[in-house]
Amino acid sequence: MRAPLPGTFYRAPRPGAAPFVEVGSLVGEDTVVGIVETMKLMNSVHAGTRGRVDEICVGNAEFAARGATLMRIEAAHA
Amino acid sequence: MRDRRAPGRPRVIRRVLIANRGEIAVRVIRTCERLGIETVLAASEADRRSLPARLADKTIVIGPASAAASYLSTDAVVGAALAARADAVHPGYGFLSENPALARACEAAGVVFVGPGAQTLEAAGDKLAAREHAIAAGLPVLPGGLVGGKARSPAAGAGSANVACGTAEALAASIGFPVLVKAAGGGGGRGLRVVRDPAALAGAIAVASAEADAAFGDPRVYLERYVARARHVEVQLLGDGGTVIHLGDRDCSVQRRYQKLIEEAPAPLLGGALREAMHDAALALGTRLGYRGLGTVEFLVDAGAGAFYFLEVNARIQVEHPVTEAVTGLDLVAEQIAVAEGRPVRLRQGEISLTGHAIECRVNAEDPADGFLPSPGTVTTAVFPASARADTHIQDGEQVPPHYDSLLAKVIARGPDRASALNTLRRALETTEIGGVRTNLRLHRELLASQEFAAGAVDTGFLARWLEETPPSVQKNEKAATGG
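Read on for a plain summary of the structure.

### So, the packing of aromatic side chains
Residues and elements named next belong to chain B. Under the definition given, this model contains four aromatic pairs over all chains. Measuring from ring centre to ring centre gives 5.2 Å for Phe299 and Phe308, while their planes differ by 90°; the resulting arrangement is edge-to-face. The pair Phe299 / Phe308 is uniform in exposure class, with both members buried. A network of ring pairs unites the aromatic residues Tyr71, Phe95 and Tyr404 as a single cluster. In this structure, Arg256 is placed above the aromatic ring of Phe372, and the distance from its NZ or CZ to the ring centre is 3.7 Å. It is Arg418 that lies over the ring of Phe453; its NZ or CZ is 4.9 Å from the centre.

### Things to note about the pattern of salt bridges
All names here are of chain B. Per the counting criterion, the structure on display carries 38 salt bridges over all chains. A salt bridge links Glu38 to Arg15; the nearest nitrogen and oxygen atoms lie 3.2 Å apart. Placement of Glu38 in strand E2 (residues 38-44) and of Arg15 in strand E1 (residues 15-18) is noted, with a sequence separation of 23 residues between them. The exposure class of Glu38 is partly exposed, given its relative accessible area of 37%. One network of salt bridges, in which partners are shared, links Arg27, Arg30, Arg34, Glu325, Asp331, Arg389 and Asp391.

### A short note on the pairing of strand E13 (residues 292-302) of chain B
All names here are of chain B. Counting buried residues in E13 gives ten out of eleven residues, a clear majority hidden from the surface. The pairing of strand E10 (residues 231-240) with E13 spans ten bridges and is classified as antiparallel. Bridge pairing in E13 places Asp240 opposite Arg292. Strand direction decides the pairing type here: E13 and strand E14 (residues 307-314), joined by seven bridges, are antiparallel. Residue pairing for E14: Phe299 is matched across the bridge by Phe310. Hairpin connection between E13 and E14: a loop of four residues separates the two successive antiparallel strands, and Gly306 in this loop has a positive phi of roughly 65°.

### With respect to the sheet that holds E14(B)
All names here are of chain B. The eight strands are arranged E14-E13-E10-E11-E12-E15-E22-E20 in an open sheet whose pairing can be described as antiparallel. Of all strands in the sheet, those bounded by a partner on one side alone are E14 and strand E20 (389-392). The mean inter-strand angle of the sheet, taken between neighbouring strand axes irrespective of direction, is 25°. The strands touched by helix H12 (residues 418-430) are strand E12 (259-265), strand E15 (357-364) and strand E22 (407-415); relative to E22, the strand with the most contacts, the crossing angle is about 140°. Where helix H13 (residues 441-449) meets the sheet, it contacts strand E11 (244-256), E12 and E15, and its direction lies at approximately 45° from that of E12.

What counts, and where the lines are drawn
Residues numbered from 1 in each chain as written. Chains lettered and ligands numbered in written order. Predicted model: local features only at pLDDT ≥ 70, side-chain atom pairs only at ≥ 80, totals over all residues. Heavy atoms only, no water. Phe/Tyr/Trp six-rings, centres within 6.5 Å; stacked < 30°, edge-to-face > 60°. Buried < 20%, exposed > 50% of the residue type's maximum accessible area, 1.4 Å probe, protein only. Lys NZ or Arg CZ within 6 Å of the ring centre and 35° of its normal. Salt bridge = Lys/Arg side-chain N within 4 Å of Asp/Glu carboxyl O. Helix = DSSP H or I, 4+ residues; strand = E, 2+ residues; numbered from the N terminus. Pairing = 2+ DSSP bridges. Axes fitted to C-alpha atoms, helices over the stretch in contact; angles between N-to-C directions. Contact = heavy atoms within 4.5 Å.

Structure follows, in structure tokens:
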């Protein structure tokens, strides 16, 4: 799962809150898994696929370039 | 609470540290050059080769791209001011411009802060305190009150507009739905939420309070009556800590999600008595605060009812200040620096004359055809009109970093009346061209062509309605027209 925009990646909806997902979390296509802040706008990032979070590649509040891999999600085999 | 500099001779500012970026940094440099003041730009890593960095006499990199570690770091800014041996810090708008801690740190370091004193910044920054000062100064406010607490204020109980608090439900019921939930520490449209249904009130308050706590370190929220069709009109003030004058009004009703897009001066189609009452109200509040510096008092205007209500005070120079400059002939940055030096306001109220009309469009790096998605990148083309003023930091090859807001340029046209200012602005935007990043230029052209805007006096819901009614094809064309 890649960053749709360049920006600062946040794993939680606000400082101190629980992260949207952890490694092992089950996600659906529309599950919000993070936020990318670009030009002071908060953009929700959706999983885009159904499956299980395998790896979180960018740390909280770290900058991610456009297209950078944010997470790896193992697709569910229906 | 007078906000005077230590008595004595004015402190002449010979070198100023500009703790900001983008178009406002260029704007401040321009005036400093004219006044013979040396400029040192405090820039982040991302902005070290920006236009203001090239224009300033010197640039000090104060931290990484992330604003939290650079433009929002009081230590980095004051450290740079001391290292540069600057006489003053100009904070621009946004970032630390209304931060009492920076004002205090500057004072402690013996550096002039170009803005109001820390006490005034605190009074203006706490929306509840500002509201209570407004009530005490006799300004009309919307019915409202603090959720879950008793008012702690210099003006507690001064006005019937402050509803006695019980439960949030009782408070909202006495105000009447819909109500607006506002964060005391918010401002600039942040931390606002409309509640139409009493059943949704408790949830909205809980979420707003948690968000406000995270964003502003202040969980207090208050309720105010929500006015659906209102105009946003503001009055420009200039004070020296004793004398306060006003420089007329601006209409900033063309907004999207509380972000202003088009501003003009004077506010069109406002009755003379209403306009004068608003000017007097702003002066009364400025006088009560012993205001020093440039500041704006924002009002909601219910034009149908001929009523206006205090919203908030912006204790800094504003993005839209050029429209006021266009109709007053003043250089507001120069006036701001003069009072920061400890000089009295150089103009009497009677010497301020407003001539003609001016309109400004904010050109942003965002794509209206794609949900106003931000569009950082590298600018490949930048052409600005000769027939209008363009305040910008954008040139061919300029970087538009993803770390900061999306403002690229302000295009400001003036004319002897509103119709001619509008015509000049329409022509100016036809010749304005920015490539490499997506912009809202085409949206501006369409808005300026709309009959409703041309008629004047639109309310703050105008843009949202216009976007909804505009055929998708028009918005789709925008993508093709501005893409690249």
